[in-house]
Amino acid sequence: MTKLAADTVAIHRLTVRAGRGQQTMVDTLRDNLQNADWPHADRDSWVFIRRLQASGSGRQLPQQLCEQTKQYLNQAHNTDEVMRFAGLTELLAALLTDLLRGGAGFYWYWRRWEHWFDLPTPRALYVVMSEHLALLPSISARLAIRGQLPAVWLSLDEADSRQLAVELAGLNGFSLPSARNLTAVLAGEIKSEANQQMLSVNLTTLTTQLYWPSGLLARWRNVLQGLEVSDSRYQLALCLIGQEVAPLLLQQQPAKLLATLSAYFSPPAHAVRTRIDQEPVATKLNALVAPLAASALSKSSPSSSQTAETRPQSGGDQMVPAGALTRDKALGSAKSQYRTEQREESPGQAATALDVSGAKQAMAQDLDPAVQAVAEPAFARFDTMQGGLLYLLNMLNRPEMRSLMVEHAETLPSAWAWLYRLGQELQLREDDALVDFIALQLGLENHLALSQLPALPDREQVLNQARRWYGKTGVWQAGLLALTAQVQYSPSHIDLYAPMTAIRLPVRLAGLDINPGWLPWLGRVVSFHYD
């Protein structure tokens, strides 16, 4: 798939009818289109316009084409000429669905990717997914919303699914166990007492303490129940689930985590519920702050950068220079309001019901299909006054802090908990929506439950490091967190949007407002945008 940067206008085919000897005019027109003040679409939109036509002098044409573009952008329900997608993941989910149905070639807006239409369907699905590995959690959620996830997943073939799992493991910084060993572990064929004890302990741990959004369980249940554990499509799904549930543990003990996740999905719901019911509530309260794993990583995992969702803004039959025309100010950088693409509730209202005073009831609800209908939104946004808290992700991403997080995984098992405790050192406002969002990531109902988290491990060492790294720039103080911004999140991305006036030179010099990019220990791509 052609990769386009954010805020891009891509013209598929440009046809100019002019008299002989007017090549200079044609070249000038191309330059003028490159620099034209194209109208803005919604911030994350991909907008396809089928055809623009205009006549006039070379100077008049850019303005006329921009005016036509504006008119099309304001039209509704005109799929014969304009097609909109709210984001890249929505586009890819629609493309995968049409490729599966064999109907992609019938839609004009897919012509940019017509070279895929002749591929066998499983191969075409693999190519789309492979080119967008970091987006796979969000693509899966979009397919589930469309009711197409089982059909798409079951249409992948064994070899391509295994290759996707290998590629996903590389992105997450762990080595995928061999197919034979992984199948043996998942199927419970390793009969040693230690292995059986591990499965029992990890199952209990994951079902009572880890971040398990109810939407995630509903998303994958039907897919996994239709597959054997030896199927590479089953194993690929477990890798994606592990990335959302416990990315740290996925790096440390991938086979054990995947086996535990498999055990969670394999038994009947009543069997899991029985195990939960037998555990004392006091044990559950302690489990909320128990370790992700007893062992720790001996070294930090490699990191790689990923870009946020990008979008083409106009294109069609009549337009294309040799390469895509791009411009920093184009259709994608709109100042439009954020959209909640599933529901309008705040993160606190939408949180998984893993309340510290009712873990037993919450897990039973999580297994109840009726509760899945009111699961948290997978794609949503909120406003914050403490957006600078996300700057501290760059601090946590330093090698020393990554090692410290792993070393103290028994105390604070989640990077979100570390971020929260670090924020408290800078007088974080507990009533901010960003704090409720962190509680959501920890599987808690709201920010009040965060008070039960343990204190920051090695606090003096952490604070000494912070003063050493950021003391000279003077940013290590409460004002660092004060940032009015909007946060948009999905299963794969977190995007913070703030005005250009919010940029602060000391913060920039400290390297805190650079794009964190892909964070394997968080399982997300994090990006900062300044409009």
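Keep in mind it's a predicted model, so treat the numbers as computed, not measured.

Rules used throughout
- Residues numbered from 1 in each chain as written.
- Predicted model: local features only at pLDDT ≥ 70, side-chain atom pairs only at ≥ 80, totals over all residues.
- Heavy atoms only, no water.
- Helix = DSSP H or I, 4+ residues; strand = E, 2+ residues; numbered from the N terminus.
- Buried < 20%, exposed > 50% of the residue type's maximum accessible area, 1.4 Å probe, protein only.
- Contact = heavy atoms within 4.5 Å.
- Areas by Shrake-Rupley, 256 points an atom, 1.4 Å probe, with all protein chains shown as cover.
- Expected span 1.5 Å × (residues − 1).
- Polar contact = N/O pair within 3.5 Å; in protein donor to acceptor, adjacent residues only side chain to side chain.
- Pairing = 2+ DSSP bridges.
- Axes fitted to C-alpha atoms, helices over the stretch in contact; angles between N-to-C directions.
- Phe/Tyr/Trp six-rings, centres within 6.5 Å; stacked < 30°, edge-to-face > 60°.

Draft legend 1. Local environment of the overall build of the protein chain. What the protein chain contains, in helices and strands, is 24 helices and 7 strands. For the protein chain, the residues scored as buried account for 56% of the 531 residues in total. Restricting to contacts in the protein chain with at least 6 residues of sequence separation, those with at least 24 account for 80%. Of the roughly 22300 Å² that the protein chain leaves accessible, carbon and sulfur atoms contribute 49%.

Draft legend 2. How the structure looks around helix H7 (residues 158-172). For H7, which comprises 15 residues, the first-to-last C-alpha distance of 21 Å matches the rise-based estimate of 21 Å (1.5 Å per residue) to within 8%. Along H7, the residues that are buried comprise Asp160, Ser161, Leu164, Ala165, Glu167, Leu168, Ala169, Leu171 and Asn172. Buried-residue contacts for H7 involve helix H4 (121-130), helix H11 (232-245), helix H12 (247-252) and strand E6 (517-519). Where H7 begins, one side-chain oxygen reaches toward the backbone nitrogen of Ala159, 3.4 Å away; that side chain belongs to Asp157.

Draft legend 3. Main features of the sheet that holds E6. The 5 strands are arranged E3-E4-E5-E7-E6 in an open sheet whose pairing can be described as mixed. Sheet topology places strand E3 (380-384) and E6 at the edges, where each strand pairs with a single neighbour. Ignoring strand direction, the axes of neighbouring strands in this sheet form an average angle of 20°. The pairing of E3 with strand E4 (residues 485-489) spans 5 bridges and is classified as antiparallel. Within the sheet, the bridge partner assigned to Phe382 lies in E4 and is Val487.

Draft legend 4. Layout of the environment of Ala439. Positionally, Ala439 belongs in helix H22 (residues 433-441). Considering only alpha carbons, one finds Ala439 and Leu450, 11 residues apart in sequence, at a separation of 6.6 Å. Once residues within four sequence positions are removed from consideration, Ala439 is found in contact with Leu444, Asn446, His447 and Leu450.

Draft legend 5. Layout of unusual backbone geometry. Phi angles above zero are rare outside glycine, and Gln427 is one such case at about 60°. A residue is classified by how much of its surface remains accessible, and Gln427, at 64% relative accessible area, is exposed. Phi at Asp458 is positive, roughly 45°, even though this residue is not glycine. By the secondary structure assignment, Asp458 is in the loop between H22 and helix H23 (459-470). On the basis of relative accessibility, which here comes to 34%, the residue Asp458 falls in the partly exposed class.

Draft legend 6. Fine view of the pairing of E4. Along E4, 4 of the 5 residues are buried, which leaves the element largely enclosed by surrounding structure. The sheet contact formed by E4 and strand E5 (residues 493-498) spans 4 bridges and is antiparallel. Bridge assignment links Tyr489 to a residue of E5, and that residue is Ile494. Here E4 folds back onto E5, and the loop between the two strands holds 3 residues.

Draft legend 7. Quick peek at the side chain of Thr89. Summarising the element assignment, Thr89 is placed in helix H3 (residues 88-101). Judged by relative accessible area, which is 1%, Thr89 ranks as buried. A polar contact of 3.4 Å, which involves the side chain of Thr89, links it to the side chain of Arg142.

Draft legend 8. Quick peek at the packing of aromatic side chains. This structure, assessed with the given rule, holds 16 aromatic pairs. Aromatic side chains Phe48 and Phe85 sit 6.1 Å apart centroid to centroid with 85° between the ring planes, which places their arrangement in the edge-to-face category. Here Phe85 lies in strand E2 (residues 82-85) and Phe48 lies in strand E1 (residues 46-49), a separation of 37 residues in the sequence. Of the residues examined, Phe48 reaches a relative accessible area of 6% and is grouped as buried. For the ring pair Tyr109 and Trp110, a centre distance of 5.0 Å and an interplane angle of 70° mean the geometry is edge-to-face. Judged by its relative accessible area of 0%, Trp110 is buried.

None of the figures reported here should be taken as evidence of function without further support.
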